[in-house]
Amino acid sequence: MLKLSLDACARQQLTAARTSSAGRAAHTVVGGHGNVMRQTVIALTGGRELGEHENPGEATLVVLQGRVRLVSDKDSWDGRRGDLLVVPDARHRLEAVEDAVVLLTVAKLNGRT
């Protein structure tokens, strides 16, 4: 069994993001590339984004701190602490409206890596 504090992990990743020239930091807390499911804590400083990319499988974001915007084509969804956003099965990007931390959960679909 594994138990960890998402609040503590969020604080650590946000501190790392604030000292990073990229303005972001991430740490996989469960699973990994060899697993079907992966959960990663991602921190972004305000105004930064994860650039547009494909969805690697079924995915959700839980906002742990701050505010984010998930953008896909002409649609966008705003999220704040406690919100769950379902990532669309399309190219998308994640913007940090303010310093933010999310828990990304991905379950890979057959044939996707």
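Whatever comes next refers back to the structure up there.
Below, the structure is looked at part by part. Counting of residues starts from 1 at the beginning of each chain's written sequence and follows it residue by residue. Only residues with pLDDT of at least 70 get local features here, since the model is predicted, and only at 80 or more are side-chain atom pairs given and counted; chain-wide, interface and lining totals rely on the full set of residues. Side-chain metrics rest on all non-hydrogen atoms present in the structure, leaving aside hydrogens and water.

## A few points about the pairing of strand β4 (residues 57–65)
Counted only if it meets this: Any two strands are treated as partners once DSSP identifies two or more bridges connecting them. Helix numbering and strand numbering both begin at the N terminus, where a helix is a DSSP run of H or I of at least 4 residues and a strand a DSSP run of E of at least 2.
Two strands pair when backbone bridges link them, and β4 and strand β9 (residues 100–108) are joined in this way by 8 bridges, in the antiparallel orientation. Bridging from a neighbouring strand, V62 pairs with L103 of β9. Note: β4 against strand β7 (residues 84–86), 3 bridges, orientation antiparallel. Following the sheet pairing, V62 is matched in β7 by L84.

## So, the sheet that holds strand β1 (residues 24–31)
The strands making up a sheet are joined through hydrogen bonds of the backbone, oriented either antiparallel or parallel. Just so we agree on the cut-off: Axis definition: a line fit to C-alpha positions, over the contact stretch in the case of helices; interaxial angles, taken between N-to-C directions, run 0 to 180 degrees.
The sheet built from 5 strands is open, its strands ordered β1-β2-β9-β4-β7 with antiparallel pairing. At either end of the open sheet lies a strand with only one pairing partner, and these are β1 and β7. Across the sheet, the axes of successive neighbouring strands diverge by a mean angle of 20 degrees, strand direction being ignored. Sheet analysis places β1 next to strand β2 (residues 37–44), joined by 7 bridges and oriented antiparallel. Looking at β2, one finds that A25 is bridged to A43.

## Comments concerning the nonpolar core
Under the convention used in this document: What makes a nonpolar core is a set of buried Ala, Val, Leu, Ile, Met, Phe, Trp, Tyr and Cys residues whose side-chain atoms join them at distances within 4.5 Å. When accessible area is computed with a 1.4 Å probe and restricted to protein chains, residues below 20% of their type maximum are described as buried, those above 50% as exposed, and intermediate ones as partly exposed. We call two residues contacting when some pair of their heavy atoms lies within 4.5 Å.
One finds L61, V68, L94 and V102 to be the most contacted residues of the largest nonpolar core, which totals 16 residues. Broken down by secondary-structure element, the contributors of at least two residues to this core are β2, β4, β5 (67–72), β8 (92–96) and β9. Top contributing element to this core by residue count: β9, with 4 residues. If sequence neighbours within four positions are ignored, V102 has contacts with T40, V41, I42, L61, V62, V63, L64, V68 and L94.

## Topic: the sheet that holds strand β6 (residues 75–80)
Strand order in the open sheet made by the 4 strands is β3-β8-β5-β6, with antiparallel pairing throughout. The open sheet terminates on both sides in strands that have one partner only, identified here as β3 (49–53) and β6. Direction aside, the axes of adjacent strands within the sheet are offset by 15 degrees on average. Bridge count for β3 against β8 is 3 bridges, and the pairing is antiparallel.

## Regarding the pattern of salt bridges
Just so we agree on the cut-off: Here, a salt bridge means any side-chain nitrogen of Lys or Arg that lies within 4 Å of a carboxyl oxygen of Asp or Glu.
Applying the stated criterion to the full structure yields 8 salt bridges. Across the pair R81 and D7 runs a salt bridge, and its minimum N-O distance is 3.8 Å. Here the residue R81 occupies a position in the loop between β6 and β7, and D7 occupies one in helix α1 (residues 6–19), the gap between them amounting to 74 residues. Accessibility expressed as a relative area gives 40% for D7, which makes it partly exposed.

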